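Survey of secondary and tertiary structure
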Amino acid sequence: MENKEYYTLEDFNSVSKIDTHIHVFTNRNSFVEQAKKDNFRLLNIMVDLSNWKELIKSQYDYSFSQKKVHPEQFEVVSSFSIEDWDNPDFIKNTIAWLDKNFEEGAIGVKVWKNIGMDFRDKENQLIMIDHPRLDSIFNHLVSKKIPVLGHLGEPKNCWLPLDEMTTNNDREYFEEHPQYHMYQHPELPSYEEQIAARDRMLENHPDLVFIGAHMGSLEWSVDELAKRLDKFPNMAIDLAARMGQVFYQTAEDREKVRNFFIKYQDRVLYATDLVDEGKDDASELQQEMHDTWLRDWRFFVTDEVMTSNLINEEFKGLKLPKRVVDKIYLHNAKKWFNMFQGE
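Residues numbered from 1 in each chain as written. Predicted model: local features only at pLDDT ≥ 70, side-chain atom pairs only at ≥ 80, totals over all residues. Heavy atoms only, no water.

Before going further, it helps to spend a moment on the overall build of the chain. From N to C terminus, the chain includes 13 helices and 11 strands. Against the globule reference of 20 Å for 343 residues, the chain gives a C-alpha radius of gyration of 19 Å, in line with a compact fold. Its C-alpha atoms give the chain principal-axis dimensions of roughly 65 × 45 × 40 Å. A burial count over the chain gives 58% of its 343 residues as buried. Taking as baseline every contact in the chain between residues at least 6 positions apart, the subset at least 24 positions apart corresponds to 73%. Taken as two groups, the 42 positive and 61 negative side-chain charges of the chain have centres that lie 6 Å from each other. (Helix = DSSP H or I, 4+ residues; strand = E, 2+ residues; numbered from the N terminus. Rg over C-alpha atoms; globule rule 2.2 N^0.38 Å. Buried < 20%, exposed > 50% of the residue type's maximum accessible area, 1.4 Å probe, protein only. Contact = heavy atoms within 4.5 Å. Lys, Arg positive; Asp, Glu negative; His and termini not counted. Charge placed at Lys NZ, Arg CZ, Asp CG, Glu CD.)

Okay, structure coming up:
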């Protein structure tokens, strides 16, 4: 007899799912082909990696090329460059650029950690996300009912020495990207200052629909995350590249983590941060995609004892009810990003 309350591992292929945080900046079809096999649709996200307008335009071309060829599989979140911050027409030009994107089908806007951790104006002042000059952009997005996806700050591990970090993936990332390892940069704002700036921005724009990428940079504590979700009713989070922190907390207190996902089942979006820039071997990429998606499905739908290279401890799957899994993997993406509205 079919179990109507829980999915199983075998249900993976038959359930419709959305990965709300991927980056496909290539014309090849390897990514979408694997997504179809695993019953995933995709939210392709542009990001201001270099404070350089030409990179944003290149990502835009790739993103909308994929969407044009695979409209049933892709939606696009746009972004903007802050390269011209000191230009008096920066705000006007940015809004014009974004409006063009929306007319062509973009459904959201990404702001990245270069705001708060990297970009400086002509006076050598670091620009934080609550800078008053950005208010006009956020107000415009509110008026158009466009959500903002915010990768602001970094995991709390970023401010710790490598040997004190809680997850292996953070340790590897910050070893490879020392420019973003804030433990080595005490002259830059602290973790607490990054989160406070984000929170002030949300306080100043209570009607802004905001999805905190990477668990809103509060990945280390579901308790702290719950406080923000309670305070900001227009805030949700995605899970991109933070399953290690979820596993770590689950190893410590599974029931607390499980209760969090059940209580906030309307505020969590499944996401991975998988990337295809056309450089890696296609079959290896597809295997990584499948393995990542299947691992996370196992975690959410079963109560099996699991291991992962992301952490060093064993942990047990959450075995969430079907209704919760369906929200995390499908309905919340449609609700928060208005994805695939024609359905």
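Next comes the rest of the description.
The subject of this paragraph is helix H7 (residues 191-204). With 14 residues, H7 ought to run about 20 Å at 1.5 Å a step, and its terminal C-alpha atoms sit 20 Å apart, in line with that. Listed as buried for H7 are Tyr191, Gln194, Ile195, Ala197, Arg198, Asp199, Met201 and Leu202. Residues of H7 that are buried in the fold lie against helix H4 (114-117), helix H5 (135-143), strand E6 (210-212), helix H8 (213-216), helix H9 (222-231) and strand E7 (235-238). (Expected span 1.5 Å × (residues − 1).)

What follows covers the confidence of the model for the chain. Per-residue confidence for the chain averages 96 on the pLDDT scale, and 99% of its residues sit at or above 70. Per-element mean pLDDT across the chain ranges from 94 in H4 up to 99 in strand E8 (residues 268-269). (pLDDT = per-residue confidence, 0-100.)

A separate point is a negative patch on the surface. Taken together, Asp280, Asp281, Glu284, Glu288 and Asp291 make up a surface patch of like negative charges. As for its position among the elements, glutamate 284 is in helix H12 (residues 282-301). (Patch = residues over 30% accessible without salt bridge, like charges linked within 9 Å, V, L, I, M, F, W, Y side chains within 5 Å. Areas by Shrake-Rupley, 256 points an atom, 1.4 Å probe, with all protein chains shown as cover. Salt bridge = Lys/Arg side-chain N within 4 Å of Asp/Glu carboxyl O.)

The next thing to look at is the pattern of salt bridges. Scanning the entire structure with this criterion turns up 22 salt bridges. A salt bridge links glutamate 154 to lysine 113, with the nearest nitrogen and oxygen atoms 2.7 Å apart. Here the residue glutamate 154 occupies a position in the loop between strand E5 (148-150) and helix H6 (168-176), and lysine 113 occupies one in the loop between strand E4 (108-111) and H4, the gap between them amounting to 41 residues. Per residue, the accessibility class of glutamate 154 equals that of lysine 113, and both read buried.

Structurally, the position occupied by phenylalanine 232 is in the loop between H9 and E7. Owing to a relative accessible area of 8%, phenylalanine 232 belongs among the buried residues under this scheme. When the C-alpha positions of phenylalanine 232 and valine 275 are compared, they lie 30 Å apart, and in sequence the two are 43 residues distant. The residues contacting phenylalanine 232, other than those within four sequence positions of it, are Asp199, Leu202, Glu203 and Arg267.

Moving on, we come to the nonpolar core. Counting 97 residues, the largest nonpolar core has Phe261, Trp293 and Phe300 as the members making the most contacts within it. Here the element with the most residues in this core is H12; it accounts for 7 residues. Apart from residues no more than four positions distant in its own chain, phenylalanine 300 is found in contact with Leu239, Met243, Phe261, Tyr270, Leu318, Lys319, Leu320, Val325 and Tyr329. Judged by nonpolar contacts, the second largest core, of 16 residues, contains Ile45, Leu330, Ala333 and Trp336. (Core = buried A, V, L, I, M, F, W, Y, C linked by side-chain atoms within 4.5 Å.)

Let us look at the side chain of aspartate 130. Its place among the elements puts aspartate 130 in the loop between H4 and H5. At a separation of 2.7 Å, a polar atom in the side chain of aspartate 130 contacts the side chain of arginine 200. Setting aside chain neighbours within four positions, we find aspartate 130 in contact with Ala197, Arg200 and Met201. (Polar contact = N/O pair within 3.5 Å; in protein donor to acceptor, adjacent residues only side chain to side chain.)

What the 9 strands build is an open sheet, ordered E8-E7-E6-E5-E4-E3-E2-E1-E9; its pairing is parallel. In this open sheet, the two edge strands, each paired with only one partner strand, are E8 and strand E9 (274-276). Sheet analysis places E7 next to E8, joined by 2 bridges and oriented parallel. When the bridges of E8 are listed, isoleucine 237 appears paired with valine 268. The sheet strands contacting helix H2 (residues 53-69) are strand E1 (17-24), strand E2 (40-45) and strand E3 (74-79), and the helix crosses E3 at an angle near 165°. (Pairing = 2+ DSSP bridges. Axes fitted to C-alpha atoms, helices over the stretch in contact; angles between N-to-C directions.)

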